Amino acid sequence: MSLFQLFKSSLYSPKKMAAFRLITIGKVMQYIFSYIFIMSIISFIYFINGISDQQQSMEGLLEYFAQIQWLLYPFSFIFLFVLNTLLIFVRISIFAYTGSIILLLRKRKGEFRHIWRTTLFASTIPMIISIILAILQVSNNYLQLVIYTLTLIIIFLTTKYYPVKR
């Protein structure tokens, strides 16, 4: 399956998301790192705009930033990429742990690696919402709570399609 097909199916089909638990880890990593790359680009654009605003307000730093700009931007992008990678992997792992508890409560078979992959695909819509909120510069704790609840609901819906324990 292509990344676009995975993305499209992750938007509307809990049954396919549950089936994606059997996809190879290479395809899963391509999928997650494409999201991380997009989020890093958005973060980097906001970083550059923030630097530009600060440069205009602090005239003494203008020369300094002009001299180290070639060094500052690549390192800041790498830092943002690594930070986004860490945050997304931790977020998915926490939800996957919660998903494994849901599997136990629903008496379904599944290993942590399977629910981790399902959680990744189940968090597609919440990640898109997070990206849109970041672009619109909307930040609210209640919206984050809604996003987390939506992720848990989608995970709950996908666990229905896991095999039953016997």
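Undergrad: I'd love a proper account of the overall build of the chain, names of residues and values included.
TA: When its secondary structure is counted, the chain shows seven helices and zero strands. Helices and strands in the chain line up, N terminus first, as α-α-α-α-α-α-α. In terms of C-alpha radius of gyration, the chain reaches 19 Å, well past the compact-globule figure of 15 Å for 166 residues. Taken over the C-alpha atoms alone, the chain extends approximately 70 × 35 × 25 Å along its principal axes.

Undergrad: Now, about the environment of Ile115: what can you tell me, with residues and values included?
TA: Tracing the chain through its elements places Ile115 in helix α5 (residues 112-122). Classification of Ile115 as buried rests on a relative accessible area of 0%. Placed 32 residues apart in sequence, Ile115 and Leu83 show a C-alpha to C-alpha distance of 23 Å. In this structure, Ile115 is in contact with Ala96, Gly99, Ser100, Leu103, Ile155, Thr159 and Tyr162, ignoring residues within four places of it in sequence.

Undergrad: Outline the environment of Ser76, listing residues and values.
TA: Structurally, Ser76 is set in helix α4 (residues 59-105). Measuring from C-alpha to C-alpha, the distance between Ser76 and Ser40 comes to 10.0 Å, with 36 residues separating the pair along the chain. Ser76 has contacts with Phe44 and Phe47, leaving out every residue within four places of it along the chain.

Undergrad: With reference to specific residues and values, describe helix α6 (residues 124-135).
TA: Its 12 residues place the ends of α6 17 Å apart at the C-alpha level, agreeing with the 16 Å of an ideal helix rising 1.5 Å per residue. Along α6, the residues classified as buried are Thr124, Pro126, Met127, Ser130, Ile131 and Leu133. The positive-phi residue at the C-terminal boundary of α6 is Gln137, with phi of around 55°.

Undergrad: Quick one: what's the story with the packing of α5 against helix α7 (residues 141-159), residue by residue and with numbers?
TA: For the pair α5 and α7, interaxial distance at closest approach is 9 Å and the crossing angle is 130°. The angle between the axes of α5 and α7 places the two elements in the oblique class. The element α5 and its partner α7 pack so that their crossing is right-handed. When α5 is examined against α7, the residues Ile115, Thr118, Thr119 and Ala122 are found in contact with a partner set consisting of Ile154, Ile155, Thr158 and Thr159.

Undergrad: Explain unusual backbone geometry to me, and be specific about the residues and the numbers.
TA: Positioned with a positive phi, Lys107 is a non-glycine residue whose angle comes to about 55°. With respect to the helices and strands, the residue Lys107 is situated in the loop between α4 and α5. We note that Gln137 has phi near 55°; this positive angle belongs to a residue other than glycine. If you trace the backbone, Gln137 turns up in the loop between α6 and α7. Look at Gln137 and you get exposed, because its relative accessible area is 59%.

The rules we used
- Residues numbered from 1 in each chain as written.
- Predicted model: local features only at pLDDT ≥ 70, side-chain atom pairs only at ≥ 80, totals over all residues.
- Heavy atoms only, no water.
- Helix = DSSP H or I, 4+ residues; strand = E, 2+ residues; numbered from the N terminus.
- Rg over C-alpha atoms; globule rule 2.2 N^0.38 Å.
- Buried < 20%, exposed > 50% of the residue type's maximum accessible area, 1.4 Å probe, protein only.
- Contact = heavy atoms within 4.5 Å.
- Expected span 1.5 Å × (residues − 1).
- Axes fitted to C-alpha atoms, helices over the stretch in contact; angles between N-to-C directions.
- Parallel < 35°, antiparallel > 145°, perpendicular 65-115°, else oblique.
- Left-handed = near helix turned anticlockwise from the far one by under 90°.

In short, the description is geometric, and any link to function would need to be established separately.
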